[in-house]
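# Structural features, examined
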Amino acid sequence: MFQSLPPAASDPILSVAEAFRNDTRPHKLDLGIGVYRDAAGNTPVMLAVREAERQLLAQQSSKSYVGLAGNPRFNRAVEKLVLGDAADTAAWVSMQTPGASGGLRLLADLLVSSRSGTDRPLPRVWISDPSYVNHAPVMRAAGLPVEHYPYLDAASGTLRREAFFDAVAGLGQDDVLLLHGCCHNPSGVDLAAADWQRLAAMVAKQGFIPFVDLAYQGFGAGMEADAAGLRLLADASAEMLLVYSCSKNFGLYRERTGAAMVKAGSQAVAAVRGKLFELARRSYTMPPDHGAELVARILESSELTALWDEELTAMRLRVQTTRVLLTQALAAQGVAADYLCTHQGMFSMLPLDGKAIAQLRDEAAVYVVAGGRINLAGLDTARIDELALALADVMQV
Ligand code: PLP
Ligand code: TYF
């Protein structure tokens, strides 16, 4: 059966993680996979999560199935986090999914289903250049054609604003625009408030479908600020898609906790919900409950919410401080990288080619993702000067 299986495509980020693990040099430094680490180098279980877990252990009386939409209390709570307390959610359908990853595939399948039995072409999904490593593979695996829009100017570490808007100006009703809600992965370059407003006006006029991936809410400028842009789009769009991840902002990575949300318009809500149920059933059927139940418990308790918010704020501030310290340390080595302080979230891209990345790995035991992405949220601040020295060696001074 499997003798002629074609070789597997490797994951460019997980393969860096594996190479790092296999490196025996004690001074090795991992700037690869996107996980938050504290000053001690740990990715902690958040205190609010621990407390919710303690309560759950004491109180949960059954492990019976929950349902195709997952945990309904989680779904309502995430709707509020994303759309705001005052949002009218009647036009939205929300499904708990196995991480945002599961949500991406579910909504890709929904897009394909939306055209079955019609003579309309499959929608094209427009993805930023560059984007999260799994965006294009997941969309293509569902059968959707993928196109790229200009986004990052690698040399200056800024948005290619006019080229981006020129590409968006060409989109219409057969196009889906996949955007990062905040903390763009891999570049850290986010749209400004004025850009979101401009996009909202364009979507209202042109009728393309916005598809927002919100995987780092709270890691940029704050929980509310990080959702402000997508809320403008939600107000302006008749239809919209969104995936949400609790991996980073609740530290629930391995619990696979996320959601898919669809603004369907009140006429189509029932049809969309039914189709999402069918698509979930033919794939994973029901999402894991543990992480979703913890998030629901945290957000239903004002005390646990306050505890969680405090810890998330500390994580955000720590990453922001790391950005300032690395910029200063690079400047001391003659490398101007002020753009690092204009970026948001865990990642930035440095102008590093394949040779520089290999040299960093081989000579300094510094691990960076192909393309030059660094995870600032994984960096021990005590080792910033050492990193700046290694980077200055391979970057043009
Ligand atoms: N989308 C983006 C932009 C991401 O960076 C990630 C990575 O964690 C995901 C989706 C997947 O998140 P999850 O762990 O919820 O599947
Ligand atoms: O971009 C990252 O590093 C995170 C984690 O296939 C991740 O989003 C990495 C690789 C992958 C899935 C998630």
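Residues numbered from 1 in each chain as written. Chains lettered and ligands numbered in written order. Predicted model: local features only at pLDDT ≥ 70, side-chain atom pairs only at ≥ 80, totals over all residues.

An unreviewed UniProt entry lists the chain under the name Putative 8-amino-7-oxononanoate synthase, with Chitinimonas arctica as the source organism. Listed in UniProt under the heading Subunit (unreviewed entry), the comment for the chain reads: "Homodimer." Regarding the chain, the relevant UniProt record gives this comment under Cofactor (unreviewed entry): "pyridoxal 5'-phosphate". (UniProt positions renumbered as here; feature names shortened; annotations may be inferred.)

Attention now moves to the site of ligand 1. Around ligand 1, the neighbouring residues are Gly34, Gly99, Ala100, Ser101, Tyr132, His180, Asn185, Asp213, Ala215, Ser245, Ser247 and Gly258. Per-element accounting of the shell around ligand 1 gives the leading share, three residues, to helix 4 (residues 99–113). A per-class count over the shell around ligand 1 returns three nonpolar, eight polar and one charged. (Near = placed C-beta within 6 Å. Helix = DSSP H or I, 4+ residues; strand = E, 2+ residues; numbered from the N terminus. Nonpolar A, V, L, I, M, F, W, Y, C, P; charged D, E, K, R; others polar.)

Among the nonpolar cores identified, the biggest contains 118 residues, and Leu107, Leu233, Leu242 and Val295 are the most heavily contacted of them. When residues of this core are assigned to their parent elements, the largest contribution, eight residues, is made by helix 11 (residues 302–332). In this structure, this core is formed jointly by two domains, domain 1 (14–45 + 304–394) and domain 2 (65–300), each of which donates at least three residues. Contacts of leucine 242, omitting those with residues within four sequence positions, involve Val82, Val212, Leu214, Leu230 and Met261. (Core = buried A, V, L, I, M, F, W, Y, C linked by C-beta atoms within 7 Å. Buried ≥ 20, exposed ≤ 12 C-beta atoms within 10 Å, placed from the backbone. Domains from an automatic or database assignment. Contact = placed C-beta atoms within 7 Å.)

This paragraph deals with the environment of methionine 349. Counting through the fold element by element, methionine 349 comes out in strand 11 (residues 347–349). Taking the C-alpha atoms as reference, methionine 349 lies 7.2 Å from glycine 157; in sequence the two are 192 residues apart. Setting aside residues no more than four positions away along its own chain, methionine 349 makes contact with Leu152, Ala154, Gly157, Pro186, Ser187, Gly371, Gly372 and Arg373.

Model confidence for the chain is summarised by a mean pLDDT of 97, while 100% of its residues fall at 70 or above. Looking over the chain, one finds the lowest element-wise mean pLDDT in helix 1 (residues 14–22), namely 95, and the highest in strand 8 (residues 209–214), namely 99. We note a pTM of 0.98 for the whole complex and an ipTM of 0.98 for its interfaces. (pLDDT = per-residue confidence, 0-100.)

Neighbouring ligand 2 are Asp11, Ile13, Leu14, Ile33, Gly34, Tyr132, Val133, Asn134 and Asn185. By residue class, the composition of the shell around ligand 2 is five nonpolar, three polar and one charged. When residues of the shell around ligand 2 are sorted by domain, at least three fall in each of domain 1 (14–45 + 304–394) and domain 2 (65–300).

A few words now on the UniProt feature "domain: Aminotransferase class I/classII large" (unreviewed entry) in the chain. Residues annotated by UniProt as "domain: Aminotransferase class I/classII large" (unreviewed entry) correspond here to residues 27–390. The annotated region residues 27–390 carries 43% helix and 16% strand content, and the separation between its end C-alpha atoms amounts to 12 Å.

Quick look at the sheet that holds strand 9 (residues 240–245) now. Across the sheet, which stays open at both edges, the seven strands sit in the order 2-10-9-8-7-3-4 with mixed pairing between neighbours. Taken across any chain shown, the strands that pair with only one partner, and hence form the sheet edges, are strand 2 (92–98) and strand 4 (146–150). For this sheet, the mean inter-axis angle between neighbouring strands, taken without regard to orientation, is 25°. Across the sheet, helix 4 is in contact with strand 2, strand 7 (175–180), strand 8, strand 9 and strand 10 (257–263); its angle to strand 10 comes to roughly 30°. (Pairing = 2+ DSSP bridges. Axes fitted to C-alpha atoms, helices over the stretch in contact; angles between N-to-C directions.)

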